Amino acid sequence: MGTIRFDELERKLRMIAVLSADQNWGIGLKGELLVRIPNDMKNFRKITTGNVIVMGRKTLESFPNGAALPNRVNIVMSKNPDYQEKDVIVVHSEEELFEELKKYPDKQVYVIGGESIYRQLLPYCDQAYVTKIDYAYQADRYFPNLDEMDEWELTQEGEEQTYFDIEYYFHVYTRK
């Protein structure tokens, strides 16, 4: 039985980014989502429940009471070697993350933010579930613009949804 090389492991990983972004691919402002849309939250819960979610420390801290999301394996990537949180698995590098993910071969892995985690793990994602909001908010955190990246294409364009005066769409982007 041979050992698997790191580059072989990363090719076998299948991650999906899940996010809500405005017209400019803004995803957050001052540690918060740009807008909270109940149907988007319901969709997120439906998609991620029973699976693995990977996030940064600040994303975890933005959850209600800074607590892990129930009925999911919560993995936090943090550079702080002393960081610990209840009901959360903490890893400090991509290598540690990949080792941890080997424990969950039957679960889908979702990358849920924030900005630096999305940028770090986007190369390992083969899909992105994007709730695209038809408005430009003030933002200080952004997701890479998949519309401008040759290796990504919009493969499912959702129908217009509304929440009060907010128009949004559930889109799926796929790596070519």
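Residues numbered from 1 in each chain as written. Predicted model: local features only at pLDDT ≥ 70, side-chain atom pairs only at ≥ 80, totals over all residues. Heavy atoms only, no water.

The antiparallel open sheet is built from 3 strands, whose spatial order is E3-E2-E9. For this open sheet the edge positions go to strand E3 (32-33) and strand E9 (141-142), each flanked by a neighbour on one side alone. Inspection of the sheet shows strand E2 (residues 26-29) paired to E3 by 2 bridges, in the antiparallel sense. Paired with Gly28 across the bridge in E3 is Leu33. (Pairing = 2+ DSSP bridges. Helix = DSSP H or I, 4+ residues; strand = E, 2+ residues; numbered from the N terminus.)

Position of Arg72 relative to the elements: it lies in the loop between helix H3 (57-62) and strand E5 (73-77). For Arg72, which is buried and forms no salt bridge, the nearest opposite charge comes from Asp40, at a distance of 11 Å. Side chain to side chain, Arg72 and Thr48 meet in a polar contact 2.7 Å long. For Arg72, the contacting residues outside a window of four places in its chain are Phe44, Arg45, Thr48, Thr49, Gly50, Asn51 and Ile53. (Buried < 20%, exposed > 50% of the residue type's maximum accessible area, 1.4 Å probe, protein only. Lys, Arg positive; Asp, Glu negative; His and termini not counted. Salt bridge = Lys/Arg side-chain N within 4 Å of Asp/Glu carboxyl O. Polar contact = N/O pair within 3.5 Å; in protein donor to acceptor, adjacent residues only side chain to side chain. Contact = heavy atoms within 4.5 Å.)

Each regular strand carries side chains that alternate between the two faces of the sheet. When you tally the buried positions in strand E8 (residues 125-133), you get 7 out of 9 residues, the bulk of the element. Note: strand E1 (residues 15-21) against E8, 7 bridges, orientation parallel. Considered in E8, the bridge of Ala21 is made with Lys132. As defined by bridge partners, E8 adjoins strand E12 (residues 166-175) across 7 bridges and the pair is classed as antiparallel.

Enumeration according to the criterion identifies 8 aromatic pairs in this entry. When the ring of Trp25 is compared with that of Tyr173, the centres are 5.7 Å apart and the planes differ by 65°; the resulting orientation is edge-to-face. Taken together, the residues span a long stretch of sequence, with Trp25 in the loop between E1 and E2 and Tyr173 in strand E12 at a distance of 148 residues. Taken as a pair, Trp25 and Tyr173 share a single burial class, namely buried. Plain terms: the ring middles of Tyr110 and Tyr129 are 6.3 Å apart, the flat faces sit at 50° to each other, and that makes the pair tilted. Remark: Tyr129 occurs in strand E8 and Tyr110 occurs in strand E7 (residues 109-111); sequence separation between them is 19 residues. (Phe/Tyr/Trp six-rings, centres within 6.5 Å; stacked < 30°, edge-to-face > 60°.)

Turning our attention to the pattern of salt bridges. The full count for this structure, using the stated rule, is 7 salt bridges. Across the pair Asp126 and Arg14 runs a salt bridge whose closest N-O atoms are separated by 3.4 Å. With a gap of 112 residues between them, Asp126 in strand E8 and Arg14 in the loop between helix H1 (6-12) and E1 connect regions that are remote in the sequence. When its relative accessible area of 26% is taken as the criterion, Asp126 is described as partly exposed. According to the relative accessible area criterion, Arg14 is partly exposed, its value standing at 37%. Of the charged contacts, one joins Lys102 and Glu99 as a salt bridge, the two residues approaching to 2.7 Å between their closest N and O atoms. Residue classification places Lys102 among the partly exposed positions, given a relative accessible area of 40%.

Taken together, the buried positions of helix H4 (residues 94-101) are Glu94, Leu97, Phe98, Glu100 and Leu101. On an axial view of H4, the arc spanned by its buried residues comes to 160°, and they lie on one face. (Arc of directions from axis to C-beta.)

In this section: the environment of Ser93. Relative to the helices and strands, Ser93 is located in the loop between strand E6 (89-91) and H4. For the pair formed by Ser93 and Met77, sequence separation is 16 residues and the distance between their alpha carbons is 7.0 Å. Here the side chain of Ser93 touches Glu96 through a polar contact of 3.1 Å, landing on its backbone nitrogen.

Limitation: the analysis is restricted to geometry and does not speak to function.
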